[in-house]
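Each chain is listed here by its residues.
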Amino acid sequence: MDAAFDPPAIPGLSSGRVTMPAIGFGTSQLGDCGEIVAAALKAGYRNIDTAWKYGTEKGVGEGIRASGVPRGDIFLTTKVSHEYLRAADFAKSVEESLARLRTDYVDLLLIHWPAIDGTPLAETAGALARAKREGKARNIGVANFNIALAREAMRLCPEPLAVLQAEYHPYLDQTKLLAFCRGEGLVFMAYCPLGRGRLLKDETLAGIARARGRTIAQVALRWIVQQGGIAPIPRSANPRHMAESLRVFDFTLTDEEMRRIHGLARPDGRIANPAGRAPAWD
Ligand SMILES: NC(=O)c1ccc[n+]([C@@H]2O[C@H](COP(=O)([O-])OP(=O)(O)OC[C@H]3O[C@@H](n4cnc5c(N)ncnc54)[C@H](OP(=O)(O)O)[C@@H]3O)[C@@H](O)[C@H]2O)c1
């Protein structure tokens, strides 16, 4: 086997409520992704992120089957979209997601975005807790919630939340949200960890990558995992990139390098900011 594809050991990330592999694999925009997901599992990923909205649940289910990796070895996340936050719609969306994924539970179920149609958060939080109590989700959480909404979800949900998923990469300062998650014992799952590719020409990251004999993607992902308590979920359709992104647990950035990367945050750094759907970000 090509040495580049020998899967590296991936550490676990634990908050007390949930344990997951400290890096995951994103699947948005991958379409009919069965072969890609099987390749990611072959490369060593055991933490897979999907959502109804991505249209990739069917491919993820097929990829898991085709890979031969036991379902129990995989931490699988899906999300219920903002169109389905009423309790009955939510329950139906979960059922349909499980059917497409060809599994009877997910390891993590997230509310994908806060409601924009006035659906009470208490109703959705109740439906989220019900999915957990019925064994359809081992853990629950929210995505794209600001601190105030996340606090409210934690207060209203009859079951504890374990995860908050939000955008994070060197161009976006998330100091406040990270401090909140740490204080509340929530694992932070970092989406768009490569800035959807925008970081990959950054001069500062390129300089650090050259000095370390690593790639820009590895430096950006290392900067995230080295902070602790954060699991990035990069997406790639390229097996070489998939393997490369997993190799971020065998080197350390200096405090000075970490600071320089923190200094790259910019006011217009946010990528996922859909008008009319995004909350008031912290
Ligand atoms: N909860 C939410 O609302 C939300 C929103 C956005 C994203 N997400 C999740 O987060 C995941 C990741 O975010 P994203 O897909 O937007 O973007 P991303 O992971 O930041 O960037 C993906 C881009 O990076 C490239 N890439 C990946 N690994 C690379 C490597 N090692 N070297 C060079 N290029 C590399 C990919 O190209 P190649 O294919 O050529 O490698 C692709 O163009 C999503 O797939 C999704 O699962 C969640």
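On a predicted model such as this, the values are computed, not experimentally measured, just so you know.

Novice: So what exactly am I meant to see when it comes to the pairing of strand 6 (residues 108-111) here?
Specialist: For a regular strand, side chains alternate in direction, first toward one face of the sheet and then toward the other. Burial along strand 6 is two-sided: Leu108 and Leu110 and Leu109 and Ile111, pointing in opposite directions, are all buried. Where strand 5 (residues 75-80) meets strand 6, four bridges bridge the pair, whose relative direction is parallel. Paired with Thr78 across the strands is Leu109, a residue of strand 6. In the classification by handedness, the crossover that spans strand 5, the intervening helix 3 (residues 87-101) and the parallel strand 6 is right-handed. For strand 6 and strand 7 (residues 140-143), the ladder comprises three bridges, and the chain directions are parallel. Directly across from Ile111, in strand 7, lies its bridge partner Val142. In this region the chain leaves strand 6, passes through helix 4 (residues 121-133) and returns to the parallel neighbour strand 7; the handedness of that crossover is right-handed.

Novice: Help me understand unusual backbone geometry, please; the structure alone is not making it clear to me.
Specialist: Peptide bonds are mostly trans, and most non-glycine residues show a negative phi. A positive phi is found at Arg102, a non-glycine position, where the angle reads about 55°. By the element assignment, Arg102 lies in the loop between helix 3 and strand 6. Using a count of 14 C-beta atoms within 10 Å as the deciding quantity, one classes Arg102 as partly exposed. At Cys192, a residue that is not glycine, the phi angle is positive and equals roughly 50°. Residue position: Cys192 is located in the loop between strand 9 (187-191) and helix 7 (203-212).

Novice: Before we go on, may I ask you to explain the packing of helix 3 against helix 4 in this structure?
Specialist: Two quantities define a packed helix pair, namely the angle between the helix axes and the distance between the axes. One way to put it is that helix 3 packs onto helix 4 with a least axis distance of 9 Å and a crossing angle of 35°. Note on packing geometry: the crossing formed by helix 3 with helix 4 is right-handed. Here helix 3 contributes Ala87, Phe90, Ala91 and Val94 to the contact with helix 4, which in turn contributes Glu123, Thr124, Gly126, Ala127, Arg130 and Ala131.

Definitions and cut-offs
- Residues numbered from 1 in each chain as written.
- Predicted model: local features only at pLDDT ≥ 70, side-chain atom pairs only at ≥ 80, totals over all residues.
- Buried ≥ 20, exposed ≤ 12 C-beta atoms within 10 Å, placed from the backbone.
- Helix = DSSP H or I, 4+ residues; strand = E, 2+ residues; numbered from the N terminus.
- Pairing = 2+ DSSP bridges.
- Right-handed = clockwise from strand over helix to strand, strands pointing away.
- Axes fitted to C-alpha atoms, helices over the stretch in contact; angles between N-to-C directions.
- Left-handed = near helix turned anticlockwise from the far one by under 90°.
- Contact = placed C-beta atoms within 7 Å.

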